[in-house]
Amino acid sequence: MSTPAAADPASTAPEQDPAQSPEPGGSKAVAGRRSKRRPGDVIFTGLSVGSGLLIFVTLALVAIFLTVRSIPAIRDSKELGGGPDAISLWSFAAPLVFGTVFAALLALIMAVPVSIGIALFISHFAPRRLATPLGFMIDLLAAVPSVVFGLWGGVWLVPKMQPLYELLNKYLGWFPLFGGEPSTPMRNLATASIVLAVMILPIITAVSREVFLQTPRLQEEAALALGATRWETIRAVVLPFGRSGVVSASMLGLGRALGETMAVLMVLSPGSTFSLHILEVGKHNTIAANIASQSAEATPDVMARLIFTGLVLFIITFVINALARAIVARSAKA
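What you see is a predicted model; the values in this text were computed from it and never measured.

Draft legend 1. Representation of the overall build of the chain. Along the backbone of the chain there are 13 helices and zero strands. The secondary structure elements of the chain, listed N-terminal to C-terminal, are α-α-α-α-α-α-α-α-α-α-α-α-α. A burial count over the chain gives 36% of its 334 residues as buried. Look at the contacts in the chain between residues 6 or more apart in sequence, and 76% of them connect residues 24 or more apart.

Here it is in structure tokens:
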């Protein structure tokens, strides 16, 4: 009886991966192929990093330009011992800063509640046939040029608001905002704030709507299953979930209101005081509107002061955005 032939070691050995072959230099070749990056990856990485750095470079260049061009106004100001004809930068810029921040805050106070209400209506109350076209209308409202809002405010809104302003001044004149002696035409800070509120309303509404739509559906259904009404569900689930988004949207709207130029210029009769009477004419002005109205015929000295106010507006916007980021980060952690 013959014994079975011994198996051939070459036929029973497992097949080896060429990449794992023990030949000299094999592992180095694999490492070299892995470390070699494709041209598309290199180009995409470079464009991404470059685009991100471009933002910082642009902001730095703007800040440097404003600072350098403001140095003559700062050097020749009365605060630093300028000549006999020197003008105090504080008396020049402070009323403009007050009017800019005051008008933007009034617009924000009027726009935020209305925007949240519209966003909640579109996202949780309106039927789909109504919510879709209403959302499109809100988005289209954000594309309207500021000049159109200025024409609307100066030609149509000012006469329409006069009876209301007179009633507010007559019966609520004891309140500082509605005090003073308003005169016609009512081109005052109240009208300018209403126009700004209408302009920032679509921005806040669009962002808030998208945030509310991202609320986890299971959490809403759980609240409804526990017996909560629709309003209780919105108050307990939707609003806390979208709080950081609403804050971000509000800060975006505030930034738009701070820098708005043409609409304010076409509606507001300029002044230079610290008055709280928003119904009086010729008491307030904003930085952007003042720059637009005086830059065309400004002398070098005046232009330096205007650029200084632009630097102040740049710093205010930067600080507000930083505060918004901090608020959003704290809301996200809560």
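Draft legend 2. Expanded view of the packing of aromatic side chains. Tallying each qualifying case throughout the model produces five aromatic pairs. Taking the centre distance of 5.4 Å and the plane angle of 45° together, the rings of Phe98 and Phe102 count as tilted. Taken together, the residues span about one helical turn, with Phe98 and Phe102 both in helix 4 (residues 89-125) at a distance of four residues. Note on Phe98: relative accessible area 23%, which makes it partly exposed. A relative accessible area of 13% places Phe102 in the buried class. Above the ring of Phe92, the side-chain terminus of Arg305 is found at 5.8 Å from the ring centroid.

Draft legend 3. Main features of helix 5 (residues 128-141). Given a rise of 1.5 Å per residue, 14 residues ought to cover 20 Å, and the 20 Å separating the end C-alpha atoms of helix 5 matches this to within 8%. Listed in full, the buried residues belonging to helix 5 are Ala131, Gly135 and Ile138. Seen from one end, helix 5 has its buried residues packed into an arc of 65°, which puts them on one side. Turned more than 90 degrees from where helix 5 packs its buried face, Arg129, Phe136, Met137 and Leu140 sit exposed. Of the surrounding elements, those touching the buried residues of helix 5 are helix 4 and helix 7 (189-213).

Draft legend 4. Structural context of the pattern of salt bridges. In this structure the tally under the stated criterion is six salt bridges. For the salt bridge of Arg209 with Asp139, the shortest nitrogen-to-oxygen distance reads 3.5 Å. A residue pair is termed long-range when its members are at least 10 positions apart, and Arg209 in helix 7 and Asp139 in helix 5 qualify at 70 residues. Of the residues examined, Asp139 reaches a relative accessible area of 35% and is grouped as partly exposed. One salt-bridge network, in which partners are shared between bridges, spans Asp139, Arg209 and Glu210.

Draft legend 5. Region of interest: the nonpolar core. Core analysis: the biggest nonpolar cluster contains 49 residues, and Tyr165, Val195, Ile200, Ile204, Leu254, Leu258 and Ile278 have the highest contact counts within it. Every element with two or more residues in this core is listed here: helix 4, helix 6 (146-171), helix 7, helix 10 (243-259), helix 11 (262-267), helix 12 (287-294) and helix 13 (300-333). Ranked by residue count, the leading element in this core is helix 4, at eleven residues. Leaving out residues up to four positions away in the same chain, Ile278 has contacts with Phe102, Leu106, Leu177, Phe178, Asn188, Leu189, Ala190 and His284. In this structure, Leu120, Phe212, Ile234 and Val246 belong to the second largest nonpolar core, which totals six residues.

Draft legend 6. Spatial organisation of the packing of helix 4 against helix 5. In the contact formed by helix 4 and helix 5, the axes pass within 8 Å of each other and the chain directions differ by 145°. For the crossing formed where helix 4 meets helix 5, the hand is left-handed. Counting all contacts with helix 4, which are made through Ile118, Phe121 and Ile122, the residues of helix 5 involved are Leu130, Ala131, Leu134, Gly135 and Ile138. Partitioning the contact of helix 4 with helix 5 into residue classes produces seven nonpolar, one polar and no charged.

Draft legend 7. Representation of the environment of Thr233 within the structure. Its location among the elements puts Thr233 in helix 9 (residues 230-241). Judged by its relative accessible area of 3%, Thr233 is buried. In this structure the C-alpha to C-alpha distance between Thr233 and Gln219, which are 14 residues apart in sequence, comes to 8.9 Å. Sequence-distant contacts of Thr233, that is, excluding residues within four places in its chain, are made with Glu220, Ala223, Leu224, Ala228 and Val238. Looking at Thr233, its side chain comes within polar contact range of the main-chain oxygen of Thr229, at 2.8 Å.

Draft legend 8. Quick look at the confidence of the model for the chain. Per-residue confidence for the chain gives a mean pLDDT of 85, with 86% of residues at or over 70. Within the chain, helix 7 carries the highest mean pLDDT (94), whereas helix 1 (residues 9-12) carries the lowest (47). Contacts of residues 17-23 to residues separated by more than four positions or lying in other chains number two contacts, the stretch itself having pLDDT below 50.

Analysis parameters
Residues numbered from 1 in each chain as written. Predicted model: local features only at pLDDT ≥ 70, side-chain atom pairs only at ≥ 80, totals over all residues. Heavy atoms only, no water. Helix = DSSP H or I, 4+ residues; strand = E, 2+ residues; numbered from the N terminus. Buried < 20%, exposed > 50% of the residue type's maximum accessible area, 1.4 Å probe, protein only. Contact = heavy atoms within 4.5 Å. Phe/Tyr/Trp six-rings, centres within 6.5 Å; stacked < 30°, edge-to-face > 60°. Lys NZ or Arg CZ within 6 Å of the ring centre and 35° of its normal. Expected span 1.5 Å × (residues − 1). Arc of directions from axis to C-beta. Salt bridge = Lys/Arg side-chain N within 4 Å of Asp/Glu carboxyl O. Core = buried A, V, L, I, M, F, W, Y, C linked by side-chain atoms within 4.5 Å. Axes fitted to C-alpha atoms, helices over the stretch in contact; angles between N-to-C directions. Left-handed = near helix turned anticlockwise from the far one by under 90°. Nonpolar A, V, L, I, M, F, W, Y, C, P; charged D, E, K, R; others polar. Polar contact = N/O pair within 3.5 Å; in protein donor to acceptor, adjacent residues only side chain to side chain. pLDDT = per-residue confidence, 0-100.

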